[in-house]
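Here is how the chains run, residue by residue.
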Amino acid sequence: MQDEMVKKAEKLATQMLLDMGMPAHLKGYRYVRAAVVMVEEDMRVVGSVTKLLYPELAKRYNTTDGKVERAIRNAIEVSWERGNRSTFERLFGYCAESGQGRPTNSEYIAAVADAVRIQMNH
């Protein structure tokens, strides 16, 4: 059952990230998707990205915390430039054209994880 839930969360996260313009070939894409699934399961993780989230992803993908953080930031920047504006407005409550910068890594991951959690409960 748990495995099924993780697969469903991954599928929903994948659909959202692609809708938000995040190219699947970027390393950061895999990291963000894995982070969203981790946060969807335990919201506390997003409150401590540098101590919990990045090290866990680095271990899982055999890389460093810094490389994980940088890859995620890059993937979010690309997504922010190319993505579906209405999705961003719905998720983050403001529009990119208003001049507000892109969300932080943790804001982005938390918002996507929250949206995935809501869809999982429907």
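Residue indices begin from 1 for each chain and proceed along its sequence in written order. This being a predicted model, a pLDDT of at least 70 is required before a residue's local features are given, and a value of 80 or more before pairs of side-chain atoms are given or counted; all residues contribute to the totals for chains, interfaces and linings. Excluding hydrogens and water, the side-chain figures rest on all heavy atoms present in the structure.

(A) The arrangement of the overall build of the protein in detail. For the purposes of this entry, the term helix denotes a DSSP run of H or I that reaches at least four residues, the term strand denotes a run of E that reaches at least two, and both are numbered from the N terminus. The secondary structure content of the protein amounts to six helices and zero strands. Starting at the N terminus and ending at the C terminus, the protein contains elements arranged as α-α-α-α-α-α. A globule of 122 residues ought to have a C-alpha radius of gyration of about 14 Å, and the protein, at 13 Å, matches this closely. In terms of overall dimensions, the protein has a C-alpha envelope of 40 × 35 × 25 Å along the principal axes. The buried share of the protein, reckoned over its 122 residues, is 45%. Residue contacts are counted whenever heavy atoms from the two residues lie within 4.5 Å of one another. Counted over contacts in the protein with a minimum sequence separation of 6, partners at least 24 positions apart contribute 60%. What sets the accessible areas is the Shrake-Rupley method with a 1.4 Å probe; for residues, cover comes only from the shown protein chains. Within the structure as shown, the protein displays about 6,800 Å² of accessible surface, and the carbon and sulfur contribution to it stands at 49%. We compute the radius of gyration from the C-alpha atoms alone; for a globule the expected value is 2.2 Å times N to the 0.38, where N is the number of residues. Relative accessibility decides the category of a residue: with a 1.4 Å probe and only protein chains considered, values under 20% of the type maximum give buried, values over 50% give exposed, and everything between is partly exposed.

(B) Broad picture of the side chain of Glu-40. In this fold, Glu-40 is placed in helix H2 (residues 27–41). Here Glu-40 sits buried without a salt bridge, and the closest side chain of opposite charge, Arg-117, lies 4.6 Å off (N-O distance). Think of it this way: Lys and Arg go in the positive column, Asp and Glu in the negative one, and His and the chain ends go nowhere. We define a salt bridge as a contact between a side-chain nitrogen of Lys or Arg and a carboxyl oxygen of Asp or Glu at a distance within 4 Å.

(C) Broad picture of helix H5 (residues 85–92). Turning to H5, its buried residues number three or more, namely Thr-87, Phe-88, Leu-91 and Phe-92. All buried residues of H5 project into a common sector of 100° when viewed along the axis, lining one side. Count one or two residues on from H5 and you reach Gly-93, which has phi positive near 75°. Directions from the helix axis toward the C-beta atoms define the arc.

(D) The packing of helix H1 (residues 2–19) against helix H6 (residues 105–120), seen in detail. Angles shown run from 0 to 180 degrees and are taken between the N-to-C directions of axes, each axis being a line fitted to C-alpha atoms and, for helices, limited to the stretch in contact. The contact between H1 and H6 brings their axes to 10 Å, and the two run at 125°. Relative to H6, the element H1 lies oblique. You can see that H1 and H6 cross each other, and the crossing is right-handed. Judged by residue contacts, Met-5, Lys-8, Ala-9, Leu-12, Ala-13, Met-16 and Leu-17 of H1 engage Tyr-108, Val-112, Ala-115, Val-116, Gln-119 and Met-120 from H6. Note on residue classes: Ala, Val, Leu, Ile, Met, Phe, Trp, Tyr, Cys and Pro are nonpolar, Asp, Glu, Lys and Arg are charged, and everything else, Gly too, is polar. Taken together, the residues of the contact of H1 with H6 break down into 11 nonpolar, one polar and one charged. Note that the term roughly parallel is reserved for angles under 35 degrees, roughly antiparallel for angles over 145, roughly perpendicular for angles of 65 to 115, and oblique for everything else. Each crossing gets its hand from how the near helix is turned against the far one by less than a right angle, where anticlockwise is left-handed and clockwise is right-handed.

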